[in-house]
Amino acid sequence: PVSDTALRLFDASGAQLAFDDDTGTGLYSHFELALAPGVYFLEVSGFGGAVGGYLIETRCRPLLTAPCGGGIGETLSGSGERDLFELTLGAESDLEVFARASGAGLDLRCEVRDERGRLLGRSREDRVLGTSDARFVYRGAPAGRSLVAVDAENGGSGSYDLLTSCLPAAPRLLAVDGTPRPGAL
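Cut-offs and rules
- Residues numbered from 1 in each chain as written.
- Predicted model: local features only at pLDDT ≥ 70, side-chain atom pairs only at ≥ 80, totals over all residues.
- Heavy atoms only, no water.
- Core = buried A, V, L, I, M, F, W, Y, C linked by side-chain atoms within 4.5 Å.
- Buried < 20%, exposed > 50% of the residue type's maximum accessible area, 1.4 Å probe, protein only.
- Helix = DSSP H or I, 4+ residues; strand = E, 2+ residues; numbered from the N terminus.
- 1 Å grid on protein atoms, 1.4 Å probe; cavity = no way out; pocket = protein on both sides within 12 Å on 5 of 7 lines; lining within 4 Å.
- Points joined across faces, edges and corners; volume = space filled by probe spheres on them.
- Nonpolar A, V, L, I, M, F, W, Y, C, P; charged D, E, K, R; others polar.
- Salt bridge = Lys/Arg side-chain N within 4 Å of Asp/Glu carboxyl O.

Caption draft 1: How the structure looks around the nonpolar core. In terms of nonpolar packing, the biggest core is built from 22 residues, with Leu108, Val148, Val150, Tyr160 and Leu162 touching the most fellow members. Only β6 (82–89), β7 (93–101), β8 (108–114), β10 (134–141), β11 (144–152) and β12 (158–168) provide two or more residues apiece to this core. If you tally residues by element for this core, the top one is β7, at 4 residues. Residues Leu7, Leu9, Ala18 and Phe31 belong to the second largest nonpolar core, which totals 5 residues.

In structure tokens:
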């Protein structure tokens, strides 16, 4: 089997919608996208021209909506289930995503992707202060649609709350010759 894959997704007219190399497990490819009903083409390739077998797994399900600056309660049933939420930012924002487990059966993790499926970041492995909760902060998140994914690293089941905070992006200080100056990164 091919052990290092790359994926490209195209719409019916041949325009590339997404590309991924190595954001899956190990050197495998992975993306999650919000797509309208239609015809799509997926190209799978091996790094460096490698050839061999591969497995494609697809899941189609409706997106949940995550309110910006609010919360929503959901449940994971286990067996690798992953909830996907659509979050829309009207302007550049400082985004915080917090997944809080309601019980002991979940070891949560979360990640945020842009509308083309590119990974923007994920919660850290050490979790939130020794809990099974997950938190991700993205300073200066771009305006537009994002996908927030929540799952349980341990494959557990149970309820959780997804809380989001979307504040106007705070100005950043730039250092010019060692002197802090107002500006934007």
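Still more ground to cover, so stick around.
Caption draft 2: How the structure looks around the layout of surface pockets. Its boundaries defined by the atoms lining it, the largest pocket holds a volume of some 1,600 Å³. If you trace the largest pocket, you find 48 residues lining it, with Ser29, His30, Phe31, Glu32 and Glu57 closest to the centre. For the lining of the largest pocket, the secondary-structure elements that each account for two or more residues are β1 (5–11), β3 (40–46), β6, β8 and β11. The element best represented in the lining of the largest pocket is β8, accounting for 4 residues. Here the lining of the largest pocket is composed, by residue class, of 22 nonpolar, 13 polar and 13 charged.

Caption draft 3: Seen up close, the pattern of salt bridges. Going through the model one piece at a time under the given rule, you end up with 9 salt bridges. The salt bridge involving glutamate 43 is made with arginine 8; its shortest N-O contact spans 3.3 Å. Taken together, the residues span a long stretch of sequence, with glutamate 43 in strand β3 and arginine 8 in strand β1 at a distance of 35 residues. Accessibility expressed as a relative area gives 34% for glutamate 43, which makes it partly exposed.

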